[in-house]
Number of protein chains: 2
Amino acid sequence: MHSFKELLQDFDKKFSVRHFPNDPATLYDSSQYILGLGGKRVRPVMCLMGNELFDEINPDAYHVATAIELFHNFSLIHDDIMDKAPLRRGMPTVHAKYGESSALLAGDVMLIMCYEYLNKIDDLNKKRILSLFNKTALEVSEGQQLDMDYEKKEMVALDDYLRMIQLKTSVLLGASLKMGAVMGGASEGNVNHLYEFGKNLGIAFQIQDDYLDAFGDPEKFGKQVGGDIIANKKTFLLIHTLEVAEEQLKQELLHIMQTNPSDKVQRVLAIMKACSADAWAKELKEKYLAIAMDHLEEIAVLSKRKEPLRELAQFLVQRDH
Amino acid sequence: MHSFKELLQDFDKKFSVRHFPNDPATLYDSSQYILGLGGKRVRPVMCLMGNELFDEINPDAYHVATAIELFHNFSLIHDDIMDKAPLRRGMPTVHAKYGESSALLAGDVMLIMCYEYLNKIDDLNKKRILSLFNKTALEVSEGQQLDMDYEKKEMVALDDYLRMIQLKTSVLLGASLKMGAVMGGASEGNVNHLYEFGKNLGIAFQIQDDYLDAFGDPEKFGKQVGGDIIANKKTFLLIHTLEVAEEQLKQELLHIMQTNPSDKVQRVLAIMKACSADAWAKELKEKYLAIAMDHLEEIAVLSKRKEPLRELAQFLVQRDH
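Note that this is a predicted model, so its numbers are computed, not measured.

Engineer: Explain the overall build of chain A here, please?
Structural biologist: When helices and strands are counted, chain A shows 16 helices and two strands. For a compact globule of 321 residues, the expected C-alpha radius of gyration is about 20 Å, and chain A comes in at 20 Å, within 12% of that figure. Once the C-alpha set of chain A is aligned to its principal axes, its extents read approximately 60 × 50 × 35 Å. Counting all 321 residues of chain A, 47% fall into the buried class. A sequence separation of at least 24 residues applies to 74% of the contacts in chain A between residues at least 6 apart.

Set out below in structure tokens:
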């Protein structure tokens, strides 16, 4: 058994190669560029952990992990185009650096390359892995579409937002673990508990992310606190506040969102606190974390094998940065 | 054995279903929309013909043919975004109708769905088919990138243009036939001759396309003659004319291209004719058609089995519309 950190080093070493041909450079340099910007590589390592929970790591699991990380970067390239985002990890986004058309194609070849890695795995698991990969890839796209649809709405119901977050973020975490478990020969029941662990952990992670953007310690958080508030982004906090606020407070909040006063962040935070959105979010996060941990406990392997996943859960959800 | 027309009816019937989930409609309706605009379905039918050249049609060949047609439509959606094209088959392009972000995602899910169809085929052929599909998909993307790169250049060498056309257009025709042949259990040698047949036929087809845009009969052509000239598009005709024209004529041509006079089409056509670009293009087309037909003759099956492919070649390359 290995820790997250050990598996990360292992994966990073194997992943730090050029994944694309050299020519035409105008196409493939832009694909390779985003991989050089780094990233936490959480998803591919979760694939390896899902495998190791049940058995020694199957060499094919590295191909699947690579496909997962390439897919994640494909979605980042295309999402950044749609969101017109200028920066990613503090560096210019692919479209900002190479133009929108090249970025679009760079994402396309990144997605195609995922399937080239998946095609390397043994026939024994290929159909099942491809099926899960495709299902997840469609769901992530659905999540991105819903996110864009919701941006145009003034109000979004909490259930709708939850569904969007599940699709856009959580299912890929669940599927990464699940693909690893399949490579490790796990039974159907165990595989499904692991998927639910990852999915619910993903929701808890997103609640934490929304919380930190509003209430995080600026020094530890590392980026501008209140970014979501400035952008009027629908978050767990905003949606809940709009749902529970009394009419007068709700109108004040909507007015602030429309008029963007200079003290916007401070005033929105005050309204969120008046509605106890901060305490509510912490509780909601704990609820989903508990569901996740229950599913982890249900998996029929020796408890000590689950230790790395418990540590991962704490790392993802209890982090303050 | 079936004719192209019979196989087209057969494929069209199977393909005329909804290929995507209903929800979210904002995502999947835009994907389904382009499939409703029709198209000649040449590529999927070539896949079926490649199969039937060697054996009765393998039911899996319909899955591969469907993936090929979806891939073609994926590339149209994304190319139209890059080219900022307002119309496709006389109707609004996907991005013109649904917005660029939705069109981008519609293309993404179309590409993912290709692999869902490819995942349906038997393990026996899956690795080889996926490998060829991925290689071709990367090549088509490379062709689109080169096309964009060349748009920014004043002069493009004929060899470079040929390479771009091969990647953007021809390899998918060759691969469609080849995938069919693999499904039909053809030997490696036969498979490769069929691929070369399709690839060279694709080049001849593109030369014909460029020729018709300039010298076609407006009544038979069905769209504006001279569209490529108005857009200063690099075509076989323009590249050859710039290569062989004497200095004075060349400068006149470049001047017309820069200044866009009202009689632009007429004047450019006169210069092309003065350089015998029309006769040269016809000869070049015949050259590639002959190479294609030589490869077809090399395939070790009864000559009469090749009749539908001979008819297809005539249809694609001798058409005047």
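Engineer: Please explain the domain arrangement of chain A as it appears in this structure.
Structural biologist: For interface size, the figure often reported is the accessible area lost on association. All names here are of chain A. Domain annotation of chain A identifies domain 1 (1-140) and domain 2 (187-321). Counting residues at the interface gives eight residues for domain 1 and 10 residues for domain 2. If you tally residues by element for the side of domain 1 that touches domain 2, the top one is helix 3 (residues 42-52), at three residues. Split by residue class, the side of domain 1 that touches domain 2 holds six nonpolar, two polar and no charged.

Engineer: I keep staring at the relation of the copies chain A and chain B and nothing clicks. Help me out?
Structural biologist: One copy of the chain maps onto the other through a rotation about an axis followed by a shift along the same axis. Overlaying chain A on chain B yields an RMSD of 0.0 Å, the required transformation being a rotation through 180° with an accompanying axial translation of 0.0 Å. In short, the pair behaves as if placed about a two-fold rotation axis. Nearest to the rotation axis, the C-alpha of Asp 123 of chain A is located 3.3 Å from it, this being the minimum over chain A. Of all interface residues in chain A, 100% are interface residues in chain B too; the two copies therefore contact each other through one and the same surface.

Engineer: Which parts of the structure should I look at to understand the environment of Glu 307 of chain B?
Structural biologist: Considering the arrangement of structural elements, one finds Glu 307 of chain B in helix 16 (residues 307-318). Along the sequence, Glu 307 of chain B and Met 1 of chain B sit 306 residues apart, while their C-alpha atoms lie 9.4 Å from each other.

Engineer: Sorry, what's going on with helix 3 (residues 42-52) of chain B here?
Structural biologist: Because the α-helix completes a turn every 3.6 residues, residues three or four places apart line up on one side. Residues and elements named next belong to chain B. With 10 of 11 residues buried, helix 3 is to be regarded as a mostly interior element. Those residues of helix 3 lying buried are Arg 43, Pro 44, Val 45, Met 46, Cys 47, Leu 48, Met 49, Gly 50, Asn 51 and Glu 52. Where helix 3 is buried, its residues touch helix 1 (4-15), helix 4 (60-83), helix 8 (158-183), helix 9 (188-215) and helix 16.

Engineer: Looking at this structure, how should I read unusual backbone geometry?
Structural biologist: Trans peptide bonds make up most of the peptide bonds, and negative phi angles are found at most residues other than glycine. Residues and elements named next belong to chain A. Residue Asp 23 is joined to Pro 24 through a cis peptide bond whose omega torsion reads 0°. With respect to the helices and strands, the residue Pro 24 is situated in the loop between helix 1 (4-15) and helix 2 (25-35). Phi is positive for Asn 232, which is not a glycine, with a value near 55°. Looking at the element boundaries, Asn 232 is found in the loop between helix 11 (227-230) and helix 12 (236-244). In this structure, Ser 276 is a non-glycine residue whose phi angle is positive, near 55°.

Engineer: For this particular structure, what's the right way to read the environment of Pro 59 of chain B?
Structural biologist: Summarising the element assignment, Pro 59 of chain B is placed in the loop between helix 3 and helix 4. According to the C-beta neighbour criterion, Pro 59 of chain B is exposed, with 11 such atoms within 10 Å.

Engineer: What is the right way to read the packing of helix 4 (residues 59-83) of chain A against helix 6 (residues 100-118) of chain A from this model?
Structural biologist: To characterise two packed helices, one gives the angle between the axes of the helices and the distance between these axes. Residue and element names in this part refer to chain A. As a packed pair, helix 4 and helix 6 sit with axes 8 Å apart at the nearest point and diverge in direction by 160°. Here helix 4 is positioned roughly antiparallel relative to helix 6, judged by the angle of their axes. Between helix 4 and helix 6 lies a crossing whose hand is left-handed. Of the residues in helix 6, those in contact with His 63, Val 64, Thr 66, Ala 67, Leu 70, Phe 71, Asn 73, Phe 74, Ile 77, His 78 and Ile 81 of helix 4 are Glu 100, Ala 103, Leu 104, Ala 106, Gly 107, Met 110, Leu 111, Met 113, Cys 114, Tyr 117 and Leu 118. Of the residues belonging to the contact of helix 4 with helix 6, the class tally is 16 nonpolar, five polar and one charged.

Engineer: Help me understand the interface of chain A and chain B, please; the structure alone is not making it clear to me.
Structural biologist: Across the boundary between the two partners, chain A contributes 31 residues, which contact 32 residues of chain B. Contributions of two or more residues to the side of chain A that touches chain B are made by helix 2, helix 4, helix 6 and helix 7 (123-151) of chain A. Among the elements that line the side of chain A that touches chain B, the one with the most residues is helix 7 of chain A, at 15 residues. Partitioned by chemical class, the residues of the side of chain A that touches chain B number 15 nonpolar, nine polar and seven charged.

Engineer: Help me understand the nonpolar core in this model?
Structural biologist: Nonpolar side chains tend to gather and get buried jointly when the protein is soluble and globular. Ranked by size, the top nonpolar core spans 190 residues in total, and within it Val 64, Cys 114 and Leu 118 of chain A together with Val 64 and Leu 118 of chain B carry the most contacts. The contact partners of Leu 118 of chain B, leaving out residues within four places of it in the chain, are His 63, Val 64, Ala 67, Ile 129, Leu 130 and Phe 133 of chain B.

Engineer: Explanation requested: the packing of helix 3 of chain B against helix 8 of chain B in the structure shown.
Structural biologist: Residues and elements named next belong to chain B. For the pair helix 3 and helix 8, interaxial distance at closest approach is 6 Å and the crossing angle is 35°. Our pair here, helix 3 against helix 8, has a crossing hand that is right-handed. Taken together, the residues of helix 8 that come into contact with helix 3 (itself represented by Arg 43, Met 46, Cys 47, Leu 48, Met 49, Gly 50 and Asn 51) are Leu 172, Leu 173, Ser 176, Leu 177, Lys 178, Met 179, Gly 180, Ala 181 and Met 183. Residues that form the contact of helix 3 with helix 8 fall into these classes: 10 nonpolar, four polar and two charged.

Reading guide: rules and limits
- Residues numbered from 1 in each chain as written.
- Chains lettered and ligands numbered in written order.
- Predicted model: local features only at pLDDT ≥ 70, side-chain atom pairs only at ≥ 80, totals over all residues.
- Helix = DSSP H or I, 4+ residues; strand = E, 2+ residues; numbered from the N terminus.
- Rg over C-alpha atoms; globule rule 2.2 N^0.38 Å.
- Buried ≥ 20, exposed ≤ 12 C-beta atoms within 10 Å, placed from the backbone.
- Contact = placed C-beta atoms within 7 Å.
- Domains from an automatic or database assignment.
- Nonpolar A, V, L, I, M, F, W, Y, C, P; charged D, E, K, R; others polar.
- Least-squares fit on C-alpha atoms with pLDDT ≥ 70 in both.
- Axes fitted to C-alpha atoms, helices over the stretch in contact; angles between N-to-C directions.
- Parallel < 35°, antiparallel > 145°, perpendicular 65-115°, else oblique.
- Left-handed = near helix turned anticlockwise from the far one by under 90°.
- Core = buried A, V, L, I, M, F, W, Y, C linked by C-beta atoms within 7 Å.

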